[in-house]
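# Structure at a glance
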Amino acid sequence: MNLINRQFLYIVLIFATMILNTGCFSHKNKTVKYPNWFYNIKKDTTVFYYGSGEGSSKKEAVTNALNEIASKVSVSISSTFDSTTSITTTKNSNGYVKTINKNVQNKVKKIEFSSYKVIKFQQLTKNKCVVFISVNRLTNAQLMLDKINTKIDEYNNILKQTNLNIASKLKQYINVSDEITNKTLPDCFIAKSLYNDEDISKSIQKLLDIKTKIDNFRNSISFSIVSDNIKGYKDVIAELLSQKKFAIVPSNSTITIKLSVKEDQVKSMGNYIIKSKVIITAVSNGDVIATKVLIVGAKSIANYNQAKEFTLKSLKIKLNKQKVFKEMLGI
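Let me sum up the structure you'll find in this document. (Residues numbered from 1 in each chain as written. Predicted model: local features only at pLDDT ≥ 70, side-chain atom pairs only at ≥ 80, totals over all residues. Heavy atoms only, no water.)

## Notes on the pattern of salt bridges
Note the cut-off: By definition here, a salt bridge exists when the distance from a side-chain nitrogen of Lys or Arg to a carboxyl oxygen of Asp or Glu is within 4 Å. Secondary structure elements are taken from DSSP: a helix is a run of H or I of four residues or more, a strand is a run of E of two residues or more, and numbering for both begins at the N terminus.
Applying the stated criterion across every chain, the model contains 10 salt bridges. With a closest N to O distance of 3.1 Å, Glu154 and Lys151 form a salt bridge. With Glu154 and Lys151 both in helix 5 (residues 137-160) and 3 residues apart, this pair spans about one turn of that helix. Here Asp187 ties to Lys183 by a salt bridge, and the two come within 3.2 Å at their closest N and O atoms. One end of the pair, Asp187, and the other, Lys183, are both in helix 6 (residues 166-194), 4 residues apart, so they sit about a helical turn from each other. Residues joined by salt bridges that share partners form a network here, namely Lys151, Glu154 and Glu179.

Okay, structure coming up:
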């Protein structure tokens, strides 16, 4: 190929590349026209929330619109919470109120509306569409309230049971209390922020009354600890129960924790080693209500006393990590 032909081919390639690049650039910067309604959403009313959203599919656009509405609920929830709790809680419940408020805020982030309507939908491009939706505040609040009242009936039925031993009762009561704090009460405040109805306030008070009954029952539980002559293990159990705010009494307790410890000491390769089998038995009214077996141990290059100290630390860690008393008694 002579020089002229090469130059001509080079010019053609440059020209073709410019055309391709110009075409790609034009395609990438093609303006997408949004409908006027996307930016001019109706103002919210006492009955309806309105929101718009976009996404690669209709489902994603609707989800984004619902998230926008959920953010409005999040803004209004604090004032609703404050005005309600000032009436329904006692003077000494500041810590409890803070816990509920935190759970309410966490729940709002994951709010799922049971009822909404797609008012307008438009496909802008192959991979982009927009929607305009409304959420009926009253309908969603009522749907939430119906579920809340069903849970209240379930809780009251649990409290009415008379055939449960102390461990089963404690487990169920604490599970109910935790669910009220983490889920049912937050749902109440979300429902109330959607539609401020007196029936929702009544349900909030019913839930607080149930929690009070459970707290009174929990506070009536006391523990005594009976152990063999091996020192240290009883102190670990007592410390853990005290941290859970249970009374430790020498006798006539609601629940007795019996500890049986088999401790072996071995010296090997310059190490002082302790390995212990710890049997924890919970007894109420002479009946065994729960049992747990733990194997713990540790070693020290110094002496058995240090190995024992490490072993007791290992026991404390294992009790917490495996949630032993949660498994045994629900606490």
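## Details of the packing of helix 5 against helix 7 (residues 198-219)
Heads up, the rule is: Every angle, taken between N-to-C directions, lies between 0 and 180 degrees, and every axis is a line fitted to C-alpha atoms, over only the stretch in contact when it is a helix. For classification, angles of less than 35 degrees are called roughly parallel, those exceeding 145 degrees roughly antiparallel, those between 65 and 115 degrees roughly perpendicular, and all remaining angles oblique. Should the near helix be turned anticlockwise from the far one by less than a right angle, the crossing is termed left-handed; should it be turned clockwise, right-handed. The contact definition used throughout considers only heavy atoms, calling two residues in contact when any of these lie within 4.5 Å. Classes in brief: Ala, Val, Leu, Ile, Met, Phe, Trp, Tyr, Cys and Pro nonpolar; Asp, Glu, Lys and Arg charged; the others, Gly included, polar.
Running from amino to carboxyl end, helix 5 crosses helix 7 at an angle of 25°, the nearest separation of the two axes being 10 Å. Classified by the angle between their axes, helix 5 and helix 7 sit roughly parallel to one another. The hand of the helix 5/helix 7 crossing is left-handed. Contacts from Ala141, Leu145, Ile148, Asn149, Ile152, Tyr155, Asn156 and Leu159 of helix 5 reach helix 7 at Asp199, Ile200, Ser203, Lys206, Leu207, Ile210, Lys213 and Ile214. The class makeup of the residues in the contact of helix 5 with helix 7 is 10 nonpolar, 3 polar and 3 charged.

## Considerations on the packing of aromatic side chains
Operational definition: To pair, rings of Phe, Tyr and Trp, with the six-membered ring standing in for Trp, must have centres within 6.5 Å; the planes then decide the type, stacked if under 30 degrees apart, edge-to-face if over 60, and tilted in the middle. Remark: exposure states derive from per-residue accessible area (1.4 Å probe, protein chains only) relative to the maximum for the residue type, with buried under 20%, exposed over 50%, and partly exposed in between. Our definition puts a charge over a ring when NZ of Lys or CZ of Arg is within 6 Å of the ring centre and also within 35 degrees of the ring normal.
Going through the model one piece at a time under the given rule, you end up with 10 aromatic pairs. Note on Tyr173 and Phe217: the rings are 4.9 Å apart at their centroids and 65° apart in plane angle, and the pair reads as edge-to-face. With a gap of 44 residues between them, Tyr173 in helix 6 and Phe217 in helix 7 connect regions that are remote in the sequence. Across the pair, exposure class does not vary: Tyr173 and Phe217 are buried alike. Put simply, the rings of Tyr34, Trp37, Phe38, Tyr39, Phe48, Tyr50 and Phe132 pair up and form one aromatic cluster. In this structure, Lys58 is placed above the aromatic ring of Phe121, and the distance from its NZ or CZ to the ring centre is 5.2 Å. One Lys or Arg, Arg137, reaches over the ring of Tyr49 and ends 4.2 Å from the middle of that ring.

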